Every structure is written in C-alpha cells, then in structure tokens.
Amino acid sequence: MAIRNIREQGDSVLNKTCKEITAMTPRLRDLIEDMLDTMYEANGVGLAAPQVGILKRVVVIDVTGEDPYVLINPRIVESSGEQTGQEGCLSVPGKAGIVTRPNYVKAVALDMNMEPFELEGTELLARAICHELDHLDGHLYVEKVEGDLMDVTYDYDEEEEEE
Ligand code: ZN
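Residues numbered from 1 in each chain as written. Predicted model: local features only at pLDDT ≥ 70, side-chain atom pairs only at ≥ 80, totals over all residues. Heavy atoms only, no water.

A. Representation of the coordination of the zinc ion in the model. With distances of 2.0 to 2.3 Å, the protein atoms coordinating the zinc ion are C89 (SG), H131 (NE2) and H135 (NE2). Sequence positions of the residues that donate to the zinc ion give the spacing C-x41-H-x3-H. In this pair, C89 is assigned in the loop between β4 (83-87) and β5 (95-101) and H131 in helix α2 (residues 123-136), connecting sequence segments 42 residues apart. Look at C89 and you get buried, because its relative accessible area is 9%. (Donors = N, O, S within 2.8 Å, 3.2 Å for Na, K, Ca; no water. Helix = DSSP H or I, 4+ residues; strand = E, 2+ residues; numbered from the N terminus. Buried < 20%, exposed > 50% of the residue type's maximum accessible area, 1.4 Å probe, protein only.)

Pasting the structure below:
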C-alpha cells in the first residue's frame, strides 16, 4: 500500500476518457488499495483513477470515513431531484465552487470480485458519485461551477443557508 501523487488541474491525464476494466488483477488490486490510502491521507471523500494518473474506470468513495465503496466500470442508471452546494476536488486544491447535482442517484458497478452491485445515494453520496464518475470521462467539477471558484475557508459554516 502506498500514497500516490495526486494529479492537479492542468495535467492532461485529467481530461482523458478512461478505459473499461475487464479483469481483476494484482496490479489493479494494488491500485485500488493505494487509491483508498491516498484519498484518506488527503481527507477526500472520493478519488478517481485518473487523479493518480491511471486511465481506468475505477473510483473509490467514502463520505463518512468508515464506509468505503469501490466502483469498477460504474454507470449512473437513475437520478432525480436537485441539490445545489459547495464542491471541491483533490485535483483542484484549496478551491471550491457551487455545483448543482441530482439529489439522488443510483449507480451500477462491479466490486473487487468483479461482481455487479448497485449503489444508491442521496445528498453528499449522490454528489460524490456524480463527481467521481465525471472524472472517468475527463471532466472536472470546475466546468459546472455556478459563479466563481472560491478559496476554501476551513471555518466554513455548515449551517449557512444556500440562496
Ligand atoms: Zn475530483
């Protein structure tokens, strides 16, 4: 297990379309373990393979810090509602912006055993699924930001109401 270098905005690897994964291999297992370590080390809630320079369709997500999901070849099959809120990305350090996402999504993906499963999420989990899956098609949240990117304030008041 190891911490990998997180690629930042401007690195062309973040703008490419990732390839489908066809088989679980020791190398892929190592990649996924490293992605989880790298996400936790950086205090992120999600990480996609291109963010560590690998153009494969795999993401890791953990919005609570104790509930990790590994999604291989994920696809969103259902979404509804709308949420508007602050979003950031480990590849765009120190910044955040307001993005509107569905409030509910259902994704289908393969797990570490290459078995299909469904992941349903609302609120932050729905937002994280959308954000991470966008990475697999070369998109960053900054393309969807309403208004300007902001510098992250660590004393951000969670109770602040959105207009
Ligand atoms: Zn991101």
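B. A look at the side chain of Q83. Looking at the secondary structure, you find Q83 in strand β4. With relative accessibility at 13%, the residue Q83 sits in the buried group. A distance of 3.1 Å separates a polar atom in the side chain of Q83 from the backbone oxygen of P102. Polar side-chain contacts of Q83 include one of 2.8 Å to the backbone oxygen of E123. (Polar contact = N/O pair within 3.5 Å; in protein donor to acceptor, adjacent residues only side chain to side chain.)

C. Broad picture of the environment of M39. Here M39 is to be found in helix α1 (residues 26-41). With 19 residues separating them along the chain, M39 and V58 place their C-alpha atoms 13 Å apart. When residues no more than four places from it in sequence are discounted, the contact partners of M39 are G44, V45, G46, L47, V60, I61 and D62. (Contact = heavy atoms within 4.5 Å.)

D. Geometry of α1. Taking 1.5 Å of rise per residue, 16 residues should cover 22 Å, and α1 covers 22 Å from first to last C-alpha, within 8% of that figure. Within the span of α1, buried status applies to L28, L31, I32, D34, M35, L36, T38 and M39. Buried residues along α1 sit against β1 (46-48), β2 (58-61) and β3 (69-80). N43 lies just past α1 and shows a positive phi near 60 degrees. (Expected span 1.5 Å × (residues − 1).)

E. Representation of the pairing of strand β7 (residues 116-122). Relative to β7, strand β6 (residues 104-110) is paired through seven bridges, and the arrangement is antiparallel. Bridged to A107 within β7 is L119. (Pairing = 2+ DSSP bridges.)

F. Summary view of the pattern of salt bridges. Taken as a whole and judged by the stated rule, the model has 11 salt bridges. For the salt bridge of E20 with R57, the shortest nitrogen-to-oxygen distance reads 4.0 Å. Of this pair, E20 sits in the segment before α1 while R57 sits in the loop between β1 and β2, placing them 37 residues apart in sequence. Among the residues examined, R57 registers a relative accessible area of 11% and is labelled buried. Here R127 and E87 are joined by a salt bridge, their closest N and O atoms 2.5 Å apart. One end of the pair, R127, is in helix α2; the other, E87, is in strand β4, with 40 residues separating them in the sequence. A cluster of three or more residues bridged by salt bridges with shared partners is formed by E87, R101, R127, D134 and K144. (Salt bridge = Lys/Arg side-chain N within 4 Å of Asp/Glu carboxyl O.)

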